Amino acid sequence: VVDREEVAQNGDTSDSEPLAKSWKQAVSGIGKELGMQEFVTESARKGGETVTFFESIVLCLSKYAQFDGRASRSEFWWFYLFTALATFVVYLIPLFFGIIAGAAGDNALGAIFGILAVIGFILVFVVAIGLLIPMLAVGCRRLHDRGQSGWLQLLFLVPCGNIVLIIFWIME
């Protein structure tokens, strides 16, 4: 339990900060500890500039839940590619274990690989959920770069709305 006087002396007001701001600080703190910001040029950090594949990954993960601002087309599409590749590669793990479990049959080895396949599917779910928020954030920033509202991403919920949204993301 934190003493109120100690909080007042230290100037720590973290209990009154919104949850999103504290998450943002935690994620950016991890990025600073890992030295991730060193890989991104100053012009790319400001947005609107062409970025490389690795710069876009660092930018999007360092701006984990930042829905304001702008994102260039290269930043958006490189991160979209990273998300698709990361999800696909992680999906190969349970697929591999599932094939082995099926080939092993109903013995102990098959059961072990079956359990590993289930754990792999849980990993796929965790990676997909973990990359969902930065994907939505960069999509929102990309729409802001075009002068549109980030709420247009709700078009994914409408049949054929994703086609319209992809066209908006592609346009300059």
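Here, every reference points to the structure presented above.
Residues numbered from 1 in each chain as written. Predicted model: local features only at pLDDT ≥ 70, side-chain atom pairs only at ≥ 80, totals over all residues. Heavy atoms only, no water.

A. Region of interest: the packing of aromatic side chains. Taken as a whole and judged by the stated rule, the model has 13 aromatic pairs. With a centroid separation of 5.3 Å and an interplanar angle of 65 degrees, the aromatic rings of Trp-77 and Tyr-80 are classed as edge-to-face. Within this pair, Trp-77 and its partner Tyr-80 are both found in helix H5 (residues 73–104), separated by 3 residues, close to a single helical turn. Its relative accessible area of 29% is what places Trp-77 among the partly exposed residues. By way of ring pairs, the aromatic residues Phe-53, Phe-54, Trp-78, Phe-79 and Phe-82 are connected into one cluster. (Phe/Tyr/Trp six-rings, centres within 6.5 Å; stacked < 30°, edge-to-face > 60°. Helix = DSSP H or I, 4+ residues; strand = E, 2+ residues; numbered from the N terminus. Buried < 20%, exposed > 50% of the residue type's maximum accessible area, 1.4 Å probe, protein only.)

B. Seen up close, the layout of surface pockets. Quantified by volume, the largest pocket comes out at close to 190 Å³. Lining the largest pocket are Tyr-80, Thr-83, Ala-84, Thr-87, Ala-128, Leu-131, Leu-132, Met-135, Leu-136, Gln-153, Phe-156 and Trp-169. Secondary-structure elements contributing two or more residues to the lining of the largest pocket are H5 and helix H6 (108–145). Ranked by residue count, the leading element in the lining of the largest pocket is H6, at 5 residues. Residues that form the lining of the largest pocket fall into these classes: 9 nonpolar, 3 polar and no charged. (1 Å grid on protein atoms, 1.4 Å probe; cavity = no way out; pocket = protein on both sides within 12 Å on 5 of 7 lines; lining within 4 Å. Points joined across faces, edges and corners; volume = space filled by probe spheres on them. Nonpolar A, V, L, I, M, F, W, Y, C, P; charged D, E, K, R; others polar.)

C. Here's a closer look at a nonpolar patch on the surface. A contiguous nonpolar patch, built from Phe-67, Val-118, Ile-122, Phe-125, Val-126, Ile-129, Leu-132, Ile-133 and Leu-136 and spanning about 790 Å² of accessible area, is present on the exposed surface. Position of Leu-132 relative to the elements: it lies in helix H6. A residue is classified by how much of its surface remains accessible, and Leu-132, at 42% relative accessible area, is partly exposed. (Patch = residues over 30% accessible without salt bridge, like charges linked within 9 Å, V, L, I, M, F, W, Y side chains within 5 Å. Areas by Shrake-Rupley, 256 points an atom, 1.4 Å probe, with all protein chains shown as cover. Salt bridge = Lys/Arg side-chain N within 4 Å of Asp/Glu carboxyl O.)

D. Representation of the nonpolar core in the model. Counting residues in hydrophobic clusters, the biggest one holds 16 residues, and the most contacted among them are Phe-76, Phe-79, Phe-82, Leu-131, Met-135, Val-138 and Trp-169. Counting only elements with at least two residues in this core, the list comes to helix H4 (53–62), H5, H6 and helix H7 (161–170). Beyond its immediate stretch of four places on either side in the chain, Val-138 contacts Cys-60, Ala-71, Glu-75, Phe-76 and Phe-79. (Core = buried A, V, L, I, M, F, W, Y, C linked by side-chain atoms within 4.5 Å. Contact = heavy atoms within 4.5 Å.)

E. How the structure looks around the pattern of salt bridges. The full count for this structure, using the stated rule, is 3 salt bridges. Among the ionic pairs, Arg-141 bridges to Glu-75, the shortest N-O distance being 3.3 Å. Of the two residues, Arg-141 is situated in helix H6 and Glu-75 in helix H5; the sequence distance between them amounts to 66 residues. What makes Arg-141 buried here is its relative accessible area of 0%. Judged by relative accessible area, which is 1%, Glu-75 ranks as buried. Taking the shortest distance from any N to any O, the salt bridge between Asp-145 and Arg-142 comes out at 2.7 Å. Of the two residues, Asp-145 and Arg-142 both sit in helix H6, 3 residues apart, roughly one turn of that helix.

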